[in-house]
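An overview of the molecular structure
Chain by chain, the residues run as shown.
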Amino acid sequence: MISVTFFLWNWKMEQNVPSTKILKNYIDGQFVKSEMLFDDISPVDGSLVAHVCEADKNLVDQAVQSAKKALDGEWGEFSVDERCQILHKVADEIERRFDDFVAAEIADTGKAYAQVKNIDIPRGAANFRFFADLAQNQDDKTFEMTTADGRGATNQIIYKPMGVVAVISPWNLPLLLMTWKVAPALASGNTVIVKPSEETPSTATLLAEVMDTVGMPNGVFNLLHGFGPNSAGGYMVEHPDVNAITFTGESSTGKAIMKNAADNLKPVSFELGGKNAAIVFADADFDKAVAGTVRSVFSNCGQVCLCSERVYVERSIFDKFVTALKEKAETIKIGNPEEGADMGPLISKEHREKVLSYFSLALNEGATLITGGKPPVFGNECDNGSFIEPTIWTGLSENARCVKEEIFGPVCHISPFDNVEEVIGKANDSDYGLAAAIWTTDMDKANRVARRMEVGICWVNDWFLRDLRTPFGGVKLSGIGREGGIHSLEFYSEPLTICVKH
Ligand code: NAD
């Protein structure tokens, strides 16, 4: 394995900053400093990754005005083909700087090297190619109609950009989730103001460098660093010249953003939290179900919105399944991604405090601790990081807060069920509705159960597998709208019907 330290060192050397890097905003084609700096801290060992320039209200306004101006400039004149060509160049340039992106993502998140190398960065680049090609292959839609005078009329539907789109993204899959929104927004002809999470500013800054290198016209892509309320995020969603908001993050943040967007009736697309169920029937391929559930519970240290935090197992295999999941969880190698760990830390000490508070609560609520439940002790610099053990509970009631609330850590509760109706009821008894996973060899049963899941995506005998053409999103507190494939292009476009009488 290539050393992550080398990547990080190389990345810093390329920036000509041997010690602490300063991450700037990118506005109207310029990298812009600000007076207010905040720290980007490594969750691996608590060390300083970079100082980050926070955007104030004035910088947010400059970014919005620049994005607005760009719509009327060169970018507004680009054909779909020209837009798509430059988006392909963005993908190529991300790949050319692949090692820099890998190092930057690991520096901010501490996540496992294999995940960043195989998922985060390649999929970040792929989003640009995918949405460019999709936008290029859209047919014009025209309808001929008859009229009373017999001459008829032609109705043509054209798709115009929404305008200035605010993109606000979370820290768990920083580049992947940001580009999932930026790529279709740009492919549809919009301009964007983008705010990454304050926890993960590095790959977004590299993306701004990529935009600069490929010659993206000024103002088309603007990057603003900062926090939520009374900072860049809050100012972005309140700005009257922002035409649409696309947000991925916590459901409570979605509610706050929606209130702020209400005054101007801005369209919103929200991808929010989850409390996802996995259902394991007794007829499942046992080993596959165990391996799949280990992935769906512990991937990215449980910090994927799609992770299973509630696992329901048919009673006849319950004890065997709990034992097998415990054994697998205990083989997960936690630690520094540089040393080949399977699982990195939680994103921050603050987030670890939140997860640990659920660990205490679970015991107070009557849980039986099967494994984990505390931070590991390394005896090295990782003790200054925010690591936590993979954790499994049984024995909680369905009304326990730990079964109801999203924890967003490497933890699940396993409970037994006796029949299909019971488990469908339990899986759907949630304020959230993002994803579910069903494990069975009976495909008729799989189809019957999957259709009744109150979620946006339901896997059968797998997890996290996605065709980018399919709609992605959640129901209930898990989101508003769908992104993915044509559904993204529809959100980022405003259809205009031109009816011509013959
Ligand atoms: P978060 O809501 O705390 O922050 C997300 C982003 O919103 C950050 O950039 C933050 O600075 C910004 N923000 C916070 N308050 C704001 C405000 N009032 N106005 C404007 N911007 C504001 O979420 P997080 O902790 O970064 O991410 C974890 C959450 O994201 C989990 O709940 C997870 O389930 C969810 N998530 C959902 C999906 C999905 O596709 N449904 C994907 C990934 C993560």
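Keep in mind it's a predicted model, so treat the numbers as computed, not measured.

Of the regular secondary structure elements, the protein holds 17 helices and 23 strands. Here the C-alpha radius of gyration of the protein, 24 Å, is about what a compact globule of 502 residues would show, namely 23 Å. Referenced to the eigenvectors of the C-alpha coordinate spread, the extents of the protein come out at roughly 70 × 70 × 40 Å. Looking at the 502 residues of the protein, the share that counts as buried comes to 57%. Nonlocal contacts in the protein, meaning residues at least 24 apart in sequence, comprise 74% of its contacts between residues at least 6 apart. Averaged over its 48 positive side-chain charges, the protein has a centre that lies 3 Å from the centre of its 69 negative ones.

In this section: the environment of valine 237. Relative to the assigned elements, valine 237 resides in helix H9 (residues 232-238). On the basis of relative accessible area, valine 237 is assigned to the buried category, the value being 2%. Counting along the chain gives 64 residues from valine 237 to cysteine 301, while the straight-line C-alpha distance between them is 30 Å. Once you skip the residues sitting within four places of it in the chain, valine 237 turns out to touch Ile168, Ile245, Ile257, Asn260, Ala261 and Lys266.

Turning to the sheet that holds strand E16 (residues 391-394), a few remarks are in order. As summarised here, the arrangement of the seven strands in space is E15-E16-E17-E14-E13-E19-E20, forming an open sheet in which the pairing is mixed. With partners counted over all chains shown, the strands left at the sheet margins are strand E15 (368-371) and strand E20 (457-460), one partner each. Neighbour to neighbour, the strand axes of the sheet diverge by 25° on average, direction disregarded. Sheet analysis places strand E13 (residues 276-280) next to strand E14 (residues 308-314), joined by five bridges and oriented parallel. Bridge pairing in E14 places valine 280 opposite valine 313.

So, on to helix H7 (residues 174-187). Taking 1.5 Å as the rise per residue, H7 with 14 residues should run 20 Å; its terminal C-alpha atoms sit 20 Å apart, in good agreement. Most of H7 is tucked away, with 14 of its 14 residues classed as buried. Glycine 189 lies just past H7 and shows a positive phi near 95°.

On to the site of the ligand, then. Of all residues adjacent to the ligand, which total 30 residues, the nearest are Lys195, Glu198, Thr253, Leu272 and Glu406. In this structure, an oxygen atom belonging to the ligand sits 2.9 Å away from a main-chain N or O atom of serine 169. The side chain of lysine 195 places a nitrogen or oxygen atom 2.8 Å from an oxygen atom of the ligand. Bound to the protein, the ligand loses 92% of the 840 Å² it would expose on its own. Elements supplying a minimum of two residues to the shell around the ligand: H9, strand E11 (244-248) and helix H10 (251-262). Classifying every residue of the shell around the ligand by side-chain character gives 14 nonpolar, eleven polar and five charged.

This part covers the environment of phenylalanine 247. Here phenylalanine 247 lies in strand E11. Between the C-alpha atoms of phenylalanine 247 and lysine 181, which are 66 residues apart in sequence, the distance is 8.7 Å. For phenylalanine 247, the contacting residues outside a window of four places in its chain are Ile168, Lys181, Thr253, Gly254, Ile257, Ser269, Phe270, Glu271 and Leu272.

This brings us to the pattern of salt bridges. A complete count under the given rule lists 24 salt bridges for this structure. The salt bridge involving lysine 501 is made with aspartate 149; its shortest N-O contact spans 2.4 Å. With lysine 501 in strand E23 (residues 493-501) and aspartate 149 in the loop between strand E6 (141-145) and strand E7 (153-161), the pair connects residues that are 352 residues apart, well separated along the chain. Owing to a relative accessible area of 43%, aspartate 149 belongs among the partly exposed residues under this scheme. The partner of lysine 445 in a salt bridge is aspartate 283, and the shortest N-O contact between them spans 3.0 Å. Here lysine 445, found in helix H16 (residues 443-451), pairs with aspartate 283, found in the loop between E13 and helix H11 (286-298); they are 162 residues apart in sequence, far enough to count as distant. Look at lysine 445 and you get buried, because its relative accessible area is 12%.

A separate point is the pairing of E7. In this structure, E6 lies alongside E7, joined through five bridges in antiparallel fashion. When the sheet's bridge partners are listed, phenylalanine 143 is paired in E7 with asparagine 155. Bridging between E7 and E23 involves nine bridges; their strand directions are antiparallel. Bridged to lysine 160 within E23 is glutamate 494.

This next bit is on the nonpolar core. Among soluble globular proteins, nonpolar side chains are generally buried collectively. Phe128, Val182, Phe221 and Leu306 are the most contacted members of the largest nonpolar core, which totals 119 residues. In terms of residues, this core owes the most to one element, helix H6 (residues 113-136), which gives ten residues. Ignoring any residue separated from it by four or fewer positions in sequence, one finds leucine 306 in contact with Asn276, Leu434, Ala435, Ile457, Trp459, Trp463, Phe464 and Phe472. Within the second largest apolar cluster, 25 residues are counted, among which are Leu59, Val164, Ala232 and Leu272.

This part covers the side chain of lysine 181. Summarising the element assignment, lysine 181 is placed in helix H7. Overall, the relative accessible area of 0% leaves lysine 181 in the buried class. With residues up to four places along the chain from it excluded, the contact list for lysine 181 reads Val167, Thr246, Phe247, Thr248, Ser269, Glu271, Glu483 and Tyr492.

Turning next to a nonpolar patch on the surface. Taken together, the side chains of Leu496, Ile498 and Val500 present a nonpolar region at the surface, about 210 Å² in accessible area. By the secondary structure assignment, leucine 496 is in strand E23. What makes leucine 496 partly exposed here is its relative accessible area of 33%.

What counts and how
Residues numbered from 1 in each chain as written. Predicted model: local features only at pLDDT ≥ 70, side-chain atom pairs only at ≥ 80, totals over all residues. Heavy atoms only, no water. Helix = DSSP H or I, 4+ residues; strand = E, 2+ residues; numbered from the N terminus. Rg over C-alpha atoms; globule rule 2.2 N^0.38 Å. Buried < 20%, exposed > 50% of the residue type's maximum accessible area, 1.4 Å probe, protein only. Contact = heavy atoms within 4.5 Å. Lys, Arg positive; Asp, Glu negative; His and termini not counted. Charge placed at Lys NZ, Arg CZ, Asp CG, Glu CD. Pairing = 2+ DSSP bridges. Axes fitted to C-alpha atoms, helices over the stretch in contact; angles between N-to-C directions. Expected span 1.5 Å × (residues − 1). Near = heavy atom within 4 Å. Polar contact = N/O pair within 3.5 Å; in protein donor to acceptor, adjacent residues only side chain to side chain. Areas by Shrake-Rupley, 256 points an atom, 1.4 Å probe, with all protein chains shown as cover. Nonpolar A, V, L, I, M, F, W, Y, C, P; charged D, E, K, R; others polar. Salt bridge = Lys/Arg side-chain N within 4 Å of Asp/Glu carboxyl O. Core = buried A, V, L, I, M, F, W, Y, C linked by side-chain atoms within 4.5 Å. Patch = residues over 30% accessible without salt bridge, like charges linked within 9 Å, V, L, I, M, F, W, Y side chains within 5 Å.

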